Amino acid sequence: MLLEILGVIALLFGLFFCAVGVLGVIRLPDTLTRLHASGKVATLGVFGLLLGAALLMPSTALRLLALGLFVLLTSPVATHAIAASVHRRREILDELEQDPAPPEEEAEEEDFQVDVTAALSRSRIQDIIEAQERALRHHQPDIKRPGDSD
Amino acid sequence: MIESEFALTAVKLILLAMVSLLLPASYRVIAGPRLSDRLAAVDLITTLLIGIIVMLALVEGTQVFVDMATALAAFAFVGTISIARYISEGRVF
């Protein structure tokens with residue numbers, strides 16, 4: 001009778017942690033925090049359930065112990081694999097975001113180009129003004145081909 | 001085997017609660033914004049299934065279900081590792 005009461009208490013312990021883990025997986029805002037919640041289910045929840053089952057049914061205690069050790073070993077490894085994949089993916093995304101960092105150099109180049117075109121257009125405007133003055137001096141208002149009048 | 005009526009009723013109620021936990025856990029599989037969220041939720045559902053199978057072994061009084069739970073834990077570990085590797089590397093092997 002004492003073993004059964006202890007077993008039911010252990011089962012309730014495991015059920016409580018399973019419910020808290022499911023609640024955390026639903027409610028928490030980020031992937032890593034959700035992984036933190038589901039890791040609690042794997043270790044505390046299922047291990048509590050297995051402990052309660054071993055107390056309620058002592059003939060299968062050895063198999064339940066083997067299953068508990070296996071879950072206790074593999075489940076944190078699986079959770080860590082998911083977390084590492086999320087972390088690595090984030091690093092890759094950060095690298096991709098930092099890759100277009102040379103926009104500063106591009107912007108400087110663009111400024112330089114803008115300066116060159118401005119200088120070119122300025123000299124072009126000066127050429128046109130000089131041609132107009134030359135044409136006015138020679139009373140030939142032909143500004144389309146200014147070099148012919150000379 | 002469980003003899004007393006009190007323990008059997010408690011185990012059945014806890015089994016019912018564990019099965020009803022599967023539905024809110026599958027919400028994250030459907031609505032997870034990223035693949036890693038869905039993978040974490042599937043891993044959580046598999047862990048809950050291991051607990052449910054062990055509770056079923058308690059109710060039925062057989063040892064076969066415990067071996068089933070061990071096999072499920074092994075295959076779930078391999079599957080989770082390979083899908084996590086697919087997420088990070090873009091390929092499994």
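The structure we're discussing is the one just above.
Summarised in this report is the structure supplied together with it. All values reported here derive from a predicted model rather than from experimental measurement. (Residues numbered from 1 in each chain as written. Chains lettered and ligands numbered in written order. Predicted model: local features only at pLDDT ≥ 70, side-chain atom pairs only at ≥ 80, totals over all residues.)

1. Some remarks on the overall build of chain A
Within chain A one finds 4 helices and 0 strands. Ordered by position in the sequence, the α and β elements of chain A form the string α-α-α-α. Classification of the 150 residues of chain A by burial places 29% in the buried group. Taking as baseline every contact in chain A between residues at least 6 positions apart, the subset at least 24 positions apart corresponds to 55%. (Helix = DSSP H or I, 4+ residues; strand = E, 2+ residues; numbered from the N terminus. Buried ≥ 20, exposed ≤ 12 C-beta atoms within 10 Å, placed from the backbone. Contact = placed C-beta atoms within 7 Å.)

2. With respect to the overall build of chain B
Assigned secondary structure in chain B consists of 4 helices and 0 strands. For chain B, the succession of helices and strands along the chain, N to C, is α-α-α-α. In summary, chain B has a C-alpha radius of gyration of 16 Å against a globular reference of 12 Å for 93 residues, an excess of more than 25%. In terms of overall dimensions, chain B has a C-alpha envelope of 55 × 25 × 10 Å along the principal axes. A burial count over chain B gives 38% of its 93 residues as buried. Put simply, 47% of the contacts in chain B that link residues at least 6 apart link residues at least 24 apart. (Rg over C-alpha atoms; globule rule 2.2 N^0.38 Å.)

3. Digging into the nonpolar core
Judged by nonpolar contacts, the single largest core of 56 residues is most densely connected at Leu50(A), Ala53(A) and Val54(B). Taken together, the elements giving at least two residues each to this core come down to α1 (2-27), α2 (31-56) and α3 (61-98) of chain A together with α1 (5-20), α3 (35-60) and α4 (64-89) of chain B. With near-sequence residues (within four places) excluded, Ala53(A) lies in contact with Leu64(A), Val54(B) and Leu58(B). (Core = buried A, V, L, I, M, F, W, Y, C linked by C-beta atoms within 7 Å.)

4. Observations concerning the interface of chain A and chain B
Each partner contributes to the interface: chain A provides 43 residues, whereas chain B provides 39 residues. For the side of chain A that touches chain B, the secondary-structure elements that each account for two or more residues are α1, α2 and α3 of chain A. Ranked by residue count, the leading element in the side of chain A that touches chain B is α3(A), at 16 residues. Residue composition of the side of chain A that touches chain B, by class: 28 nonpolar, 10 polar and 5 charged. (Nonpolar A, V, L, I, M, F, W, Y, C, P; charged D, E, K, R; others polar.)

5. Considerations on the packing of α1(B) against α3(B)
All names here are of chain B. Following both chains from N to C, one finds α1 and α3 inclined at 155 degrees, their axes separated by 10 Å at the closest point. As the angle between them shows, α1 and α3 are arranged roughly antiparallel. Where α1 crosses over α3, the handedness of that crossing is left-handed. Between α1 and α3, the residues in contact are Val11, Lys12, Ile14, Leu15, Met18 and Val19 and Leu48, Gly51, Ile52, Met55, Leu56, Leu58 and Val59, respectively. The residue makeup of the contact of α1 with α3, split by class, is 11 nonpolar, 1 polar and 1 charged. (Axes fitted to C-alpha atoms, helices over the stretch in contact; angles between N-to-C directions. Parallel < 35°, antiparallel > 145°, perpendicular 65-115°, else oblique. Left-handed = near helix turned anticlockwise from the far one by under 90°.)

6. Thoughts on α3(A)
Residues three or four positions apart in an α-helix share a direction because the helix packs 3.6 residues into each turn. The end-to-end C-alpha distance of α3(A) is 55 Å, a good match for the 56 Å that 38 residues give at a rise of 1.5 Å each. Residues of α3(A) that are buried include every one of Arg63(A), Leu64(A), Leu67(A), Gly68(A), Val71(A), Ser75(A), Ala78(A), Thr79(A), Ala81(A), Ile82(A), Ser85(A) and Val86(A), and no others. For α3(A), the elements touching its buried residues are α2 of chain A together with α3 and α4 of chain B. (Expected span 1.5 Å × (residues − 1).)

7. Brief notes about the environment of Leu21(B)
Its location among the elements puts Leu21(B) in the loop between α1 and α2 (22-31). For Leu21(B), a count of 23 C-beta atoms within 10 Å gives the class buried. Expressed as a C-alpha distance, the spacing of Leu21(B) and Leu72(B), which sit 51 residues apart in the sequence, is 18 Å. Residues within four places of Leu21(B) in sequence aside, it is in contact with Cys18(A), Ala19(A), Val22(A) and Leu48(B).

8. A few points about the environment of Glu3(B)
All names here are of chain B. Looking at the element boundaries, glutamate 3 is found in the segment before α1. Judged by the 9 C-beta atoms lying within 10 Å of it, glutamate 3 is exposed. Note: C-alpha distance between glutamate 3 and threonine 70 (67 residues apart in sequence) is 26 Å.

9. Things to note about the environment of Phe47(A)
Residue and element names in this part refer to chain A. As for its placement among the helices and strands, phenylalanine 47 is situated in helix α2. Residues phenylalanine 47 and glutamate 97 lie 50 residues apart in sequence; the distance between their C-alpha atoms is 42 Å. Beyond its immediate chain neighbours, meaning those up to four positions away, phenylalanine 47 contacts Gly68 and Leu72.

All quantities given are derived from atomic positions and should not be read as evidence of function.
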